[in-house]
Amino acid sequence: MTDGTVPGWAVVVPVKPADRGKSRLDVPGVDRVALARAIALDTIAAVAACDVVERVVVVGDDGGLALEAGAISGLRFVPEPAPGGLNAAIAAGIETVNERMPRAALLGDLPALRPHDLAQALRSARGIARGVVADADGAGTTLLTAAPGVAWESAFGEDSFAKHRALGAVPLDVTDASTLRHDVDTAEHFAAAIALGLGPRTAALVRVSER
Ligand SMILES: Nc1nc2c(ncn2[C@@H]2O[C@H](COP(=O)(O)OP(=O)(O)OP(=O)(O)O)[C@@H](O)[C@H]2O)c(=O)[nH]1
Ligand SMILES: C=C(OP(=O)(O)O)C(=O)O
């Protein structure tokens, strides 16, 4: 968490119930629900461990996730709004945060995320009205930021990087190798995340050594 010298970030992490998540991800011998939950928990733990983050808001209705996340201190949970959908869920989380804070939304499926990589991106977003980080494929978005006082808008979904650029978001200074660029939707993405080093919960499930 922050050292109090500059305003810390509020980061909203949307997470679908694990029994409906990661439908494109098939890892032989690994239960999909457990995998989806472990991926979300490792992502959330990395956000909570980031030294420029002051508040972590998790949006979604996965009771099992909330239970297992009990070991990660300082999280706030917000229920899924109706009507649902990813952008509505993120907006519901953002609404719980004072607009004077710098705010960000991070997808909940980055099991290799390192707190330092997130911190670097958020530091580079200071003073930028809207910032965006593309996923490794280049078409999607992993992180969207808004400076204090800037109204929140998001367009996560297909081709969201171009849509966020059209909303005025500036690409943040994040290298191709950053773990922040690696969300996991497919087996190929998962292999890339394993190569970077998985967080402990996901690593334990697939029996590889954690980072
Ligand atoms: N709360 C909430 N989170 C969502 C919703 N849709 C997607 N997410 C989360 O947003 C992140 C990116 O989601 P996707 O990769 O598009 O969806 P997914 O369900 O995880 O995977 P697929 O089944 O392959 O589409 C993940 O952390 C999801 O859990 C939603 O409607 N509500
Ligand atoms: C929702 C998104 O990602 P994906 O569906 O690829 O996880 C996105 O990139 O906006």
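Residues numbered from 1 in each chain as written. Chains lettered and ligands numbered in written order. Predicted model: local features only at pLDDT ≥ 70, side-chain atom pairs only at ≥ 80, totals over all residues. Heavy atoms only, no water.

Rules: UniProt positions are given in the numbering used here, feature names are shortened, and annotations may be inferred rather than shown by experiment.
For the chain, an unreviewed UniProt entry supplies the name Phosphoenolpyruvate guanylyltransferase and the organism Microbacterium immunditiarum. In UniProt, the chain has this text filed under Catalytic activity (unreviewed entry): "phosphoenolpyruvate + GTP + H(+) = enolpyruvoyl-2-diphospho-5'-guanosine + diphosphate".

**Remarks on the site of ligand 2**
Condition: If even one non-hydrogen atom of a residue comes within 4 Å of a molecule or strand, that residue is called near it. Polar contacts, as counted here, are pairs of nitrogen or oxygen atoms within 3.5 Å of one another; within protein the pair requires one atom able to donate a hydrogen and one able to accept it, and residues that are adjacent in sequence qualify only if both atoms are side-chain atoms. For the area figures, the Shrake-Rupley method with a 1.4 Å probe applies, and any residue is considered shielded solely by the protein chains shown. Under the convention adopted here, Pro, Cys and the residues Ala, Val, Leu, Ile, Met, Phe, Trp and Tyr are nonpolar, Asp, Glu, Lys and Arg are charged, and Gly plus all remaining residues are polar.
Arg24, Leu86, Leu107, Asp109, Gly140, Thr141, Phe156, Gly157, Ser160, Asp183 and Asp185 make up every residue found near ligand 2. In this structure, Thr141 approaches ligand 2 through a main-chain N or O atom, which is 2.9 Å from an oxygen atom. Between ligand 2 and Asp183 there is a distance of 3.4 Å, counted from an oxygen atom to a side-chain nitrogen or oxygen. Surface burial for ligand 2 is 82%, taken as the share of its 290 Å² of free accessible area covered by protein chains. Across the shell around ligand 2, the residue classes tally to three nonpolar, four polar and four charged.

**With respect to the site of ligand 1**
Taken together, 18 residues form the shell around ligand 1, and within it Lys16, Lys22, Ser23, Arg24 and Glu80 come nearest. One of the side-chain N or O atoms of Ser23 is found 2.5 Å from an oxygen atom in ligand 1. A distance of 2.7 Å separates a nitrogen atom of ligand 1 from a polar side-chain atom of Glu80. Here ligand 1 has 610 Å² of accessible area as a free molecule, and 85% of this is covered by the chains. Tallied by class, residues from the shell around ligand 1 come to six nonpolar, five polar and seven charged.

**Considerations on unusual backbone geometry**
Excluding glycine, residues mostly have negative phi values, and the peptide bonds linking residues are mostly trans. For the record, the criterion: Runs of E in the DSSP output that reach at least two residues are strands. Runs of H or I that reach at least four are helices, and both are numbered from the N terminus. Buried means the residue's accessible area, taken with a 1.4 Å probe over protein chains only, is under 20% of the maximum for its type, while exposed means over 50%, and partly exposed covers the values in between.
Of note, the amide linkage connecting Ala82 to Pro83 takes the cis form, showing an omega dihedral of -5°. Mapped onto the fold, Pro83 is located in the loop between strand 3 (75-78) and helix 3 (86-94). A positive phi angle, close to 55°, is found at Lys22, a residue other than glycine. Following the sequence through the fold, Lys22 ends up in the loop between strand 1 (9-14) and helix 1 (32-48). On the basis of relative accessible area, Lys22 is assigned to the buried category, the value being 17%. Backbone geometry at Asp159 places phi at a positive 55°, although glycine is not the residue there.

**Considering the pairing of strand 4 (residues 103-106)**
Our working rule: Two strands pair if DSSP finds at least two bridges between them.
Going residue by residue along strand 4, you find Arg103 and Ala105 tucked away on one face and Ala104 and Leu106 tucked away on the opposite face as well. Relative to strand 4, strand 1 runs parallel, the two being bridged by three bridges. Within strand 4, the position partnered with Val11 by the bridge is Ala104. Inspection of the sheet shows strand 4 paired to strand 6 (residues 141-146) by four bridges, in the antiparallel sense. Residue Leu106 lies in a different strand from strand 6, and its bridge partner there is Leu143.

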